[in-house]
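Coordinate inspection notes
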Amino acid sequence: MDSSKSSGAAGETAINIPESNSAKHKIAHAATKAAVAAAAHPPPQGGWKRGVAIFDFILRICALAAALAATATMGTTDQQLPFFTQFFQFQASYDDLPAFTFFVVANAIASGYLVLSLPFSIVAIVRPHAAGVKLLLIIFDTVLVAFTTAAASAAAAIVYLAHNGNSNTNWFAICQQFNDFCQRVSGAVVASFIAAVILVFLVVLSAVALRRH
């Protein structure tokens, strides 16, 4: 009687069913596939790109302020000397020279563009991985760099002649008489060059952000 009980107890031993090789293979394959997908598509790291976009927005405001200052200063430059005769009036105005007129138009266009570019810069802050916005801005920024640099350079050449003259071509220096006029146009040219330099920096910044996209 005791021997049958012991044999029955021995027969109730648990049987471990090993996991099939196909199931193990499927699990390993799924894990490998997940690892490859994670490596190919890493989680977005938009922190530094958002910082670059914010810096871009600040620089655009600075460039806008410089371009507006250049436009307003040159566009309101007009000096009349206190002595004049019945037939001659000594006056100097920015629109007497085509280079200064082109300067005002170019910087006004640059100011308008910078105002219109601010919403796109905000979009780049909200969506730092949007490459299309950055590409659009870098194209127009490059055009404006050439435009403002040409205007500032042409005006700088006239300012140089106004300060120093040119005896070979009978250009007389007028800044001794029109001192306020020369100071204002010189300040406008400096402001325009500042705007051009900021635009160059914006182009470089956008290029770096696109390169690391």
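So, how was this worked out
Residues numbered from 1 in each chain as written. Predicted model: local features only at pLDDT ≥ 70, side-chain atom pairs only at ≥ 80, totals over all residues. Heavy atoms only, no water. Salt bridge = Lys/Arg side-chain N within 4 Å of Asp/Glu carboxyl O. Helix = DSSP H or I, 4+ residues; strand = E, 2+ residues; numbered from the N terminus. Buried < 20%, exposed > 50% of the residue type's maximum accessible area, 1.4 Å probe, protein only. Axes fitted to C-alpha atoms, helices over the stretch in contact; angles between N-to-C directions. Parallel < 35°, antiparallel > 145°, perpendicular 65-115°, else oblique. Left-handed = near helix turned anticlockwise from the far one by under 90°. Nonpolar A, V, L, I, M, F, W, Y, C, P; charged D, E, K, R; others polar. Core = buried A, V, L, I, M, F, W, Y, C linked by side-chain atoms within 4.5 Å. Contact = heavy atoms within 4.5 Å.

Some thoughts on the pattern of salt bridges
Note that side chains of opposite charge can pair when their charged atoms are close. The full count for this structure, using the stated rule, is two salt bridges. Among the ionic pairs, aspartate 141 bridges to arginine 60, the shortest N-O distance being 2.6 Å. Within this pair, whereas aspartate 141 is found in helix H5 (residues 131-164), its partner arginine 60 is found in helix H3 (residues 47-75), the two being separated by 81 residues in sequence. Take aspartate 141: its relative accessible area is 0%, and that puts it in the buried class. The network of salt bridges with common partners includes Asp56, Arg60 and Asp141.

Looking at the environment of glutamine 183
Here glutamine 183 lies in helix H6 (residues 179-211). A residue is classified by how much of its surface remains accessible, and glutamine 183, at 51% relative accessible area, is exposed. C-alpha of glutamine 183 to C-alpha of histidine 163: the two residues are 20 residues apart in sequence and 9.9 Å apart in space.

A few points about the packing of helix H4 (residues 98-126) against H5
Taken N-terminus to C-terminus, the directions of H4 and H5 make an angle of 160 degrees; their axes are 9 Å apart at the nearest point. Comparing the axis directions of H4 and H5 gives the class roughly antiparallel. For the pair H4 and H5, the crossing hand works out as left-handed. Split into classes, the residues belonging to the contact of H4 with H5 amount to 24 nonpolar, three polar and one charged.

Describing the nonpolar core
Looking at soluble globular proteins, one finds that nonpolar side chains tend to be buried together. Counting residues in hydrophobic clusters, the biggest one holds 24 residues, and the most contacted among them are Leu114 and Leu199. At the level of elements, H3, H4, H5 and H6 are the ones that each hand at least two residues to this core. In contact with leucine 199, other than residues within four places in its own chain, are Leu114, Asp141, Leu144, Val145 and Thr148. Core analysis: the second largest hydrophobic core is formed by 23 residues, Ala70, Val104, Ile158 and Val185 among them.

By themselves, these figures tell us nothing about what the structure is for.
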